[in-house]
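Working through the structure, step by step
Chain residues, written in single-letter form:
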Amino acid sequence: MEKFGASQPLRRIEDRRFITGTGRYTDDITRPGQAHAFILRSPHAHARIKGIDTEAARAMPGVLAIFTAADLDADGIPPLPCIIPLKNRDGSGRADPPRPALAGDKVRHVGDQVAMIVAESMAAARDAAEAVIVDYEELPPATDMRRALSPEAPLIHEAAPGNLCFDWQNSDPAAAEAAFAGAHQVVALEVVNNRVVVASMETRAALAEYDPATERLTLHTNTQGVHLLKRLLAEAIFKVPPEKVRVVTPDVGGGFGMKIYLYPEQVLACYAARKLGRPVKWTSERGDAFLSDTQGRDNLTRGELALDDQGRFLALRVSTLANLGGYVSTFAPFIPTVAGTRVLSVQYRIPIIHAAVKGVLTNTVPVDAYRGAGRPEANYLVERLIEVAARRLGISAIELRRRNFISADAFPYQTPTGLKYDSGAFAENLDRALKAADHSGLAARKAAAKARGRFRGLGIACYLEATAGPTEERAEIRFGEDGLVHVLVGTQSNGQGHETGYTQLISHQLGVPIERIVIHQGDSDLIRTGGGTGGARSLYAEGGAILGASEQVIEKGRVMAGHLLEAAPVDIEFGSGQFRIAGTDRMIGILDVAAAARDPARRPKDLDGGLDSDAKITAQGTFPNGCHVAEVEVDPETGRVAVVAYHVVDDMGRVINPLIVEGQVHGGVGQGIGQALLERTLYDAESGQLLTGSFMDYTLPRADDLPNIDFQLNEVPCQTNPLGVKGAGEAGSVGAPQAVINAICDALAPLGIEHIDMPATPERVWRAIQEKAT
C-alpha cells in the first residue's frame, strides 16, 4: 500500500489515455443533428457598426441562421457580467461597461464578435461568413495605456469616462508618505510586466443543446469548473432557475486561468441551440484564440522602496497601470488589485505597504488571470527593486535579503496587506538554493565566460505565492455495486494530475487499491457544488474535503464492521483497508464492509446509505514559497541570452506526489522563462492590429530554450489545513521571470546596465549593450 499511498512519486494515472489518444475533449463530442457555428470577428480595433447585411449569406446552401446583436437584444440577452465589485479610492464604484456577446454599436478590439453563422457544416458556415457585409466606420484606437488615459484619447466605452475602469488603493497613503520622508535611502524603479498570450494546447470549444420539453440547456465546454458557468448562464444571461442549465466539462488540455471565465461564444452556442432546437457546436481555431482568449499580465508599475541606514526595509510604495483590454472580463479587476498587491511583502518584513492601481480600457483583447494571477507581477517588482537597491547601496543582494527576511520563529506573521503567513523557512531555502547553484564557484564561471567573449550572470528570486482562500469545497465518496469507489469532486483538472493526487489520497486513507478508485468531475448534474480549479486551491481544498469524507467512511465502517463481526464499534480498529477487532485476528476488508452496508437487510438501521459519505469544508489559503536561482550567458554580439542553469528549492508543505509537484514547477518555470525572454504581445499603435497574432510571430519557449531544472523540496507543513499541504500549481511561474532578469542584469552589470524590461529579446539586449558602448 505504501507504494501507492501519499508522498509517493506515482506516475499520473490519467496520462495513459492522454498519450494513447483516448482522452475525450469537448471537440471530440458529437450530438445527433448538431449544427456548426462560425464567429465573424471584427478586422478593426475600434469602429462604429453602421450596418450589417446578411441577406446574401442567409440564402447560401446549408445556412440555418445568422445572429447579430439585434437578435440578442430582441430576445433580451444581456451583456456578460464582470462579477468583481471594486471601490475607487474616492469610495465610488468602478465603471461597469457592458460586454455584449455580439457587438452592436461598436467593436472594441480586433477579433470582437460581430455575428454568428450557424450551418449544417463548418465549411458552409465559413463560406456564408464571407458573404456577410459589415459597414464599419473606423475610429482611432488606443492600445497603449498611457495614451488611453490622455485627454485626447478616443473614448472606448461611454460608461467609462477617460477609459478608466477603476482607480483603487489598498490603504491610506499617509503612513507610507511619512516613512519615505524619514528614510535614509529611497530606491525607485519602473518595470514592464509584459502581456502574454495563454496559448493552451487545447483551444476553447462549446457544444450546446436545448430540450424544449424540459426547457433545459446542456452545455459541453472546456472549463476550469462547471458551477461558475452554470450560475452565470442561469442567473445572469438566460434568467432561468439553476436546474434548467447543465454544464459538462470532459478532459481539458490546459487552462492556466484562461478557461475559468464565461465567454461570448458559450453564450452564443446556448442561444443558438435554444433558437434552432438543435445542438450547436463551436470550436476555436488557433487564430481565434489569439484574438479572443483572455490574455495575461500587461502592467506598467513604478515601485519605490524606503530603507534605513542599516539596509532594512521601512516601506514600499507601488503605482500600477493595469491593462484590462476592450472589455472587463469576469474576474479582471481583482487580479492587479487585491490578488496581486496582497503578496507585496513577499518573504520580507516591510512594515508599511501602499499600493495604487488604475484599471485602463484599451482597444486590445481583454486581460484576466493567467497562471499566478497578480502574484507573479508583485513578486517580480519586489525582487527587481531589491537587486537595484543592493547595487545602489553597494552591498550584496543576498545580504540585503537576509537582513529583511521574516525569520522562521516569527510565524504566524501578519503582513501589512492583511495576510497571515502560517509557516516558512525562507533563509534556509536561500541557503540550499545557493549551495545547489554552486554560488561559491560563480566568479570562476564568469571569468571563463569572459574568456569566451560572453557575459555570465546569476539571478536570485525569493518568491511567495498566496493561494485562493478562504474557499469552500465538497467531496462525496460512493461505494458502487461495481465494487469501485467513486469519488465526486468539485474541482476540474486541466492537466495538473488531479485524478492521481486524489486517488493517492483516497488509497492512503481508506487502504483501497488505486485501480478500484474512480474520480468524477466536470458535470453540474452529478457534482452538487464545486469551486473549480484556480488559485492553486485544488489539493488543500478538495483534498481536505476528501479527507473529511474519508473520516466519515471510516466511522460508519466501524459501526458496520462491528455489526458484522458482532463487536462494539469502539472495539473496532481500522488500518490498511481492514477493520479489525482490537487484540484479535478477526477482520474484514473495507470493500466487503461497504458491499454489506449497501444491503438494507444486513446493515443497522442507523446506517441508511451505507458507507457513502460527503463532506464540505472551508479551507484557508496557503503560502507556497521558495528560492529560484537562474544562471545565464549573454552573447554581446547578438544579444542572445542562454539560460545555462536553473535551480529551485520549493516549500510546498507536505507533498502528496513529488513527481506531480516537480512537473508543475517545471511547467511554471518554462512559462516564466518564456515571459522573461521570448513572449511579446505587440499591437500596432496606429491600427490596433495584433502584430503577433500567430506562432509565426509570437514565440513560445521550445525545448532548447530551457535548461535542465534542478528541483528540491523543503517540506515545511502548512498549519492551516489537516493535510499540511500548500498549493503547487502556480509557484514556478511566480519565481521564474525575476530570476532570469536578475541574472541578465547581473551579467550586464559591468557595462553599467541596471535594468532591462521583459521580454529580454536578443534585439532588446543588443540595443542595451550598444547604448552603453556609445
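Up top is the structure these notes are about.
Residues numbered from 1 in each chain as written. Predicted model: local features only at pLDDT ≥ 70, side-chain atom pairs only at ≥ 80, totals over all residues. Heavy atoms only, no water.

A separate point is the sheet that holds strand β18 (residues 455-464). Taken in spatial order, the four strands make up an open sheet running β18-β26-β27-β28, and their pairing is mixed. The two strands at the open ends of the sheet, each matched to only one other strand, are β18 and β28 (709-713). Shown here is a sheet whose adjacent strand axes are inclined to one another by a mean of 10 degrees, direction ignored. Sheet analysis places β18 next to strand β26 (residues 625-634), joined by 10 bridges and oriented antiparallel. Residue Leu-458 lies in a different strand from β26, and its bridge partner there is Glu-631. (Pairing = 2+ DSSP bridges. Helix = DSSP H or I, 4+ residues; strand = E, 2+ residues; numbered from the N terminus. Axes fitted to C-alpha atoms, helices over the stretch in contact; angles between N-to-C directions.)

It is worth spelling out the packing of helix α15 (residues 498-510) against helix α16 (residues 538-565) at this point. Two elements in contact, α15 and α16, have axes whose closest approach is 10 Å; the angle formed by their N-to-C orientations is 30 degrees. Taken together, the axes of α15 and α16 lie roughly parallel to each other. By crossing handedness, the relation of α15 to α16 is classed as right-handed. Contact residues: His-498, Tyr-502, Leu-505, Ile-506, Gln-509 and Leu-510 in α15; Ser-538, Leu-539, Glu-542, Gly-543, Ile-546, Leu-547, Ser-550, Val-553 and Ile-554 in α16. Residue composition of the contact of α15 with α16, grouped by class: nine nonpolar, five polar and one charged. (Parallel < 35°, antiparallel > 145°, perpendicular 65-115°, else oblique. Left-handed = near helix turned anticlockwise from the far one by under 90°. Contact = heavy atoms within 4.5 Å. Nonpolar A, V, L, I, M, F, W, Y, C, P; charged D, E, K, R; others polar.)

Looking at where Ala-466 falls in the secondary structure, it is placed in the loop between β18 and β19 (471-479). Residue class for Ala-466 comes out buried when judged on its relative accessible area of 1%. Taking the C-alpha atoms as reference points, Ala-466 and His-486, separated by 20 residues in sequence, lie 31 Å from one another. Excluding anything up to four places from it in sequence, Ala-466 contacts Arg-342, Val-343, Arg-375, Leu-419, Thr-622 and Phe-623. (Buried < 20%, exposed > 50% of the residue type's maximum accessible area, 1.4 Å probe, protein only.)

Another point: the packing of aromatic side chains. Inspection of every chain in the model, using the stated rule, returns 13 aromatic pairs. Both rings, one in Phe-18 and one in Tyr-25, keep their centres 6.3 Å apart while their planes meet at 35 degrees; by these two values the pair is tilted. Overall, the relative accessible area of 27% leaves Phe-18 in the partly exposed class. Where Phe-290 meets Tyr-698, the ring centres are 6.0 Å apart and the plane angle is 75 degrees; that geometry is what we call edge-to-face. In this pair, Phe-290 is assigned in helix α9 (residues 286-292) and Tyr-698 in the loop between α18 (658-677) and β28, connecting sequence segments 408 residues apart. A relative accessible area of 1% places Tyr-698 in the buried class. One aromatic cluster is present, formed by Phe-313, Tyr-348, Phe-405, Phe-411 and Phe-426 through successive ring pairs. The ring of Tyr-263 carries Arg-204 above its face, with NZ or CZ at 3.8 Å from the centroid. The positively charged end of Arg-317 is found above the aromatic ring belonging to Phe-180, 4.0 Å away from the centroid. (Phe/Tyr/Trp six-rings, centres within 6.5 Å; stacked < 30°, edge-to-face > 60°. Lys NZ or Arg CZ within 6 Å of the ring centre and 35° of its normal.)

What follows concerns unusual backbone geometry. For the peptide bond that leads from Phe-411 to Pro-412, omega is 0 degrees, which places it in the cis range. Tracing the backbone through its elements, the reader meets Pro-412 in the loop between α12 (397-404) and β16 (413-414). Cis geometry is found at the peptide bond from Gly-469 to Pro-470, where omega equals -5 degrees. Locating Pro-470 in the fold gives a position in the loop between β18 and β19. A positive phi angle is found at Ser-576, which is not glycine, with a value near 55 degrees.

Right, let's get into the nonpolar core. If you look at the biggest cluster of nonpolar residues, it comprises 87 residues, and the most contacted ones within it are Tyr-646 and Ile-744. With 11 residues, helix α19 (residues 731-748) is the largest single contributor of residues to this core. Ala-69, Val-197, Tyr-271 and Tyr-370 belong to the second-largest nonpolar core, a separate cluster that totals 55 residues. (Core = buried A, V, L, I, M, F, W, Y, C linked by side-chain atoms within 4.5 Å.)

Moving on, we get to the side chain of Glu-542. Turning to its location among the elements, Glu-542 is positioned in helix α16. Each residue touching Glu-542, except ones within four places of it in the same chain, is listed here: Glu-473, Arg-474, Ala-475, Leu-488, Val-489, Gly-490, Thr-491, Tyr-502 and Arg-537.

The seven strands are arranged β3-β5-β1-β12-β9-β10-β11 in an open sheet whose pairing can be described as mixed. The open sheet has two free edges, formed respectively by β3 (63-67) and β11 (245-248), since each of these has just one partner strand. Mean inter-strand twist for the sheet, computed between neighbouring axes without regard to direction, equals 20 degrees. Relative to strand β5 (residues 113-119), strand β1 (residues 35-41) runs antiparallel, the two being bridged by six bridges. Across the sheet, residue Ile-39 finds its bridge partner in β5, namely Met-116. In this fold helix α4 (residues 122-131) packs onto β1, β3 and β5, with an angle of close to 30 degrees to the strand it touches most, β1. Helix-sheet contacts for helix α7 (residues 226-237) involve β10 (216-221) and β11, and the interaxial angle to β11 is about 150 degrees.

A pair can form between side chains of opposite charge whenever their charged atoms are brought close. Within the structure shown, the criterion is met by 51 salt bridges. Put simply, Asp-96 and Arg-94 hold a salt bridge, and the shortest N to O gap is 3.3 Å. As a salt-bridge pair, Asp-523 and Arg-246 come within 2.6 Å of each other at their nearest N and O atoms. Here the residue Asp-523 occupies a position in the loop between β21 (517-520) and α16, and Arg-246 occupies one in strand β11, the gap between them amounting to 277 residues. For Asp-523, a relative accessible area of 12% translates into the label buried. The exposure class assigned to Arg-246 is partly exposed, which follows from its relative accessible area of 25%. Here the salt bridges share partners, and the residues they tie into one network are Asp-438, Arg-445, Arg-452, Arg-456, Glu-631 and Glu-633. (Salt bridge = Lys/Arg side-chain N within 4 Å of Asp/Glu carboxyl O.)

Our next topic: the pairing of β28. Note that strand β27 (residues 641-651) and β28 share five bridges and pair parallel. Bridge pairing in β28 links His-647 to Asp-710. Following the chain from β27 across α18 to the adjacent parallel β28, one finds a crossover that is right-handed. (Right-handed = clockwise from strand over helix to strand, strands pointing away.)

Another point: the side chain of Arg-108. Within the fold, Arg-108 resides in the loop between β4 (106-107) and β5. At 3.4 Å, the side chain of Arg-108 forms a polar contact with the side chain of Asp-105. At a separation of 2.9 Å, a polar atom in the side chain of Arg-108 contacts the main-chain carbonyl oxygen of Ile-156. Beyond its immediate sequence surroundings of up to four residues, Arg-108 is in contact with Ala-45, Ile-156, His-157, Gly-326, Tyr-327, Thr-362, Asn-363 and Thr-364. (Polar contact = N/O pair within 3.5 Å; in protein donor to acceptor, adjacent residues only side chain to side chain.)

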